[in-house]
Amino acid sequence: LSPFGTFLLIALAWFRENGVDWFVLEGGRGAAYDEVGRLPGDVVVVTSIFLEHAQQIGPELRDVALNKMAIAEGAKATVLGPDVPAVLDRLGLELPQGAAVVAPPPAGGDLPGWCRLDLDIADTACRKLLALNGLRPLPAEVPIVTASFGQVAFEGRPLVYDATISFPAFDREHFAGLRRKHPRLLVVLSLSDQKDAAPFLAHFETEDVTIAPIALTGLDLHTYHRLERDPRLAGRVGFTDAAGLEALLRRLVAQHRPDLVYMLGIQPFVRLCKQMPSLASGMPSK
């Protein structure tokens, strides 16, 4: 077992001891050799397939696809994001039998497309699970709160946090809408070497916004060699140093006087953003 596998066993034991009927597990890197991916799920979800963690589950896109789709083996129902079938077809791989494919989200709205899509995927998966158990879904008002996207206030201006890590998933139309409302925009970006920051940086350069890259330190699984070579690097922050990130961000805001701060990066960065002392007590506001 990996360290994660040990934590997973503790969680599963707790679920059993406390009579939990259903639970949702998120896999790690792929599924073929991930402890979550080896569990027989009733409903399994593959949101997207792109070339990520190539060193661990690649090296080619086909290897990544086979690894991720291994989660569907033995599942009672499979839910796929809208782009997955085209990727599998291009690679000569078959769809799982009876897989439900979620439609692309409509453009516009308060949420970026990927976030709206994630909510639709979750809704589809829940409905599949209820149907498998002979239950009918009831109308419910579910607050749209997500760990990966939101808006709060910082230093008297809006701050948006966004955990998009793949540029094709980045909702440029949604970002452009924010750009129109807030002409002076500061983008604080923290994408490690395991993610491709280049297309994000190129896009933001065309948008005429201020870019402030930040490198996290102390992460075993993420390095920042490429971003640290960027002359615009605003600083380095320990991945548990929320106060340090807030102090750096205050300096950037004082220097650039933006109308809006856009924090984009990997989950540890977004999590650290939400743990900043001035934000932690009021998260999330939207």
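If you're wondering where the values come from, they're calculated on a predicted model, not measured in any experiment. (Residues numbered from 1 in each chain as written. Predicted model: local features only at pLDDT ≥ 70, side-chain atom pairs only at ≥ 80, totals over all residues. Heavy atoms only, no water.)

Q: I'd like a description of unusual backbone geometry, backed by residues and values.
A: With an omega of 15 degrees, the peptide bond between Gly 58 and Pro 59 qualifies as cis. Relative to the assigned elements, Pro 59 resides in the loop between helix H2 (54-57) and helix H3 (61-69). The phi torsion at Glu 155 lies on the positive side, around 55 degrees, for a residue other than glycine. Relative to the elements of secondary structure, Glu 155 occurs in the loop between strand S4 (149-154) and strand S5 (157-162). (Helix = DSSP H or I, 4+ residues; strand = E, 2+ residues; numbered from the N terminus.)

Q: Residues and numbers for the pairing of strand S8 (residues 235-238), please.
A: Along any regular strand the residues' side chains alternate between the sheet's two faces. Residues Gly 235 and Val 237 point to one face of S8 and are all buried, whereas Arg 236 and Gly 238, pointing to the other face, are not buried. Bridge count for strand S7 (residues 210-217) against S8 is four bridges, and the pairing is parallel. Opposite Ile 214, over in S8, you have Gly 235 as the bridge partner. (Buried < 20%, exposed > 50% of the residue type's maximum accessible area, 1.4 Å probe, protein only. Pairing = 2+ DSSP bridges.)

Q: Describe the pairing of strand S6 (residues 185-190), and please don't skip the residues or the numbers.
A: Along S6, six of the six residues are buried, which leaves the element largely enclosed by surrounding structure. On S6, burial covers both faces: Leu 185, Val 187 and Leu 189 on one face and Leu 186, Val 188 and Ser 190 on the other are all buried. Strand direction decides the pairing type here: S6 and strand S9 (residues 260-265), joined by six bridges, are parallel. Bridging from a neighbouring strand, Leu 189 pairs with Leu 264 of S9. Regarding topology, helix H7 (residues 198-206) serves as the crossover connection from S6 to the parallel S7, and that connection is right-handed. (Right-handed = clockwise from strand over helix to strand, strands pointing away.)

Q: Run through the nonpolar core, naming residues and quoting values.
A: Of all hydrophobic cores here, the largest spans 53 residues; its most connected members are Leu 159, Val 188, Leu 189, Phe 204, Leu 245, Tyr 262 and Met 263. When residues of this core are assigned to their parent elements, the largest contribution, six residues, is made by helix H9 (residues 242-256). Residues within four places of Met 263 in sequence aside, it is in contact with Leu 159, Val 160, Tyr 161, Asp 162, Val 188, Leu 245, Leu 249, Phe 269 and Cys 273. Counting residues in each nonpolar core, the second largest holds 15 residues, with Val 44, Ala 72, Val 84 and Leu 88 among its members. (Core = buried A, V, L, I, M, F, W, Y, C linked by side-chain atoms within 4.5 Å. Contact = heavy atoms within 4.5 Å.)

Q: Help me get a handle on the environment of Leu 129, residues and values and all.
A: Mapped onto the fold, Leu 129 is located in helix H5 (residues 113-132). Here the alpha-carbon distance between Leu 129 and Val 44, two residues 85 residues apart in the chain, equals 9.8 Å. Excluding residues that lie within four positions of it along the chain, Leu 129 makes contacts with Trp 22, Asp 42 and Val 43.

Q: Can you break down H3 residue by residue, with the values?
A: Buried within H3 we find Leu 61, Val 64, Ala 65, Asn 67, Lys 68 and Met 69. Residues of H3 that are buried in the fold lie against strand S1 (43-46), H2, strand S2 (77-80) and helix H4 (84-90).

Q: Describe in detail the pattern of salt bridges, supporting the description with residues and values.
A: Across all of its chains, the model carries eleven salt bridges by this definition. Of the charged contacts in the structure, one is a salt bridge between Arg 226 and Asp 193, with a shortest N-O distance of 3.6 Å. Highlighted residues: Arg 226 in helix H8 (residues 225-228) and Asp 193 in the loop between S6 and H7, separated in sequence by 33 residues. According to the relative accessible area criterion, Arg 226 is partly exposed, its value standing at 42%. Members of the salt-bridge network, linked through shared partners, are Glu 155, Glu 246 and Arg 250. (Salt bridge = Lys/Arg side-chain N within 4 Å of Asp/Glu carboxyl O.)

Q: I'd like to hear about the sheet that holds strand S3 (residues 100-101), residue by residue, with values.
A: Strands in a sheet are paired, the pairing made by backbone hydrogen bonds, and the direction either parallel or antiparallel. What the three strands build is an open sheet, ordered S1-S2-S3; its pairing is parallel. Both edges of this open sheet fall to S1 and S3, since each of them pairs with a single strand only. In the sheet, S1 pairs with S2 via four bridges, with the strands oriented parallel. By the bridge assignment, Val 43 is partnered in S2 with Ala 77.

Q: So what's going on with the sheet that holds S4? Residues and values would help.
A: Spatial strand order, S4-S5-S9-S6-S7-S8: six strands in an open sheet with mixed pairing. A single partner strand is all that each edge strand has here, and the edge strands are S4 and S8. Each neighbouring strand pair of the sheet contributes to a mean axis angle of 25 degrees, computed without reference to strand direction. Along the sheet, H7 makes contact with S6, S7 and S9, crossing S6 at roughly 170 degrees. Packed on one face of the sheet, helix H10 (residues 267-274) meets S5, S6, S7, S8 and S9 and runs near 140 degrees to S9. (Axes fitted to C-alpha atoms, helices over the stretch in contact; angles between N-to-C directions.)

Q: Summarise the packing of aromatic side chains; cite the residues concerned and give the values.
A: The description of two aromatic rings rests on the distance between their centres and on the angle between their planes. Under the criterion given, the structure shown has ten aromatic pairs. Summarising the aromatic geometry, the rings of Trp 114 and Phe 149 are spaced 6.3 Å apart at their centres and angled 85 degrees between planes, so their arrangement reads as edge-to-face. Placement of Trp 114 in helix H5 and of Phe 149 in strand S4 is noted, with a sequence separation of 35 residues between them. Taken together, Phe 167, Phe 170, Phe 175, Phe 200, Phe 204 and Tyr 262 form an aromatic cluster joined through their ring pairs. A cation over a ring is seen here: Lys 68 above Phe 50, with NZ or CZ 5.3 Å from the ring centre. (Phe/Tyr/Trp six-rings, centres within 6.5 Å; stacked < 30°, edge-to-face > 60°. Lys NZ or Arg CZ within 6 Å of the ring centre and 35° of its normal.)

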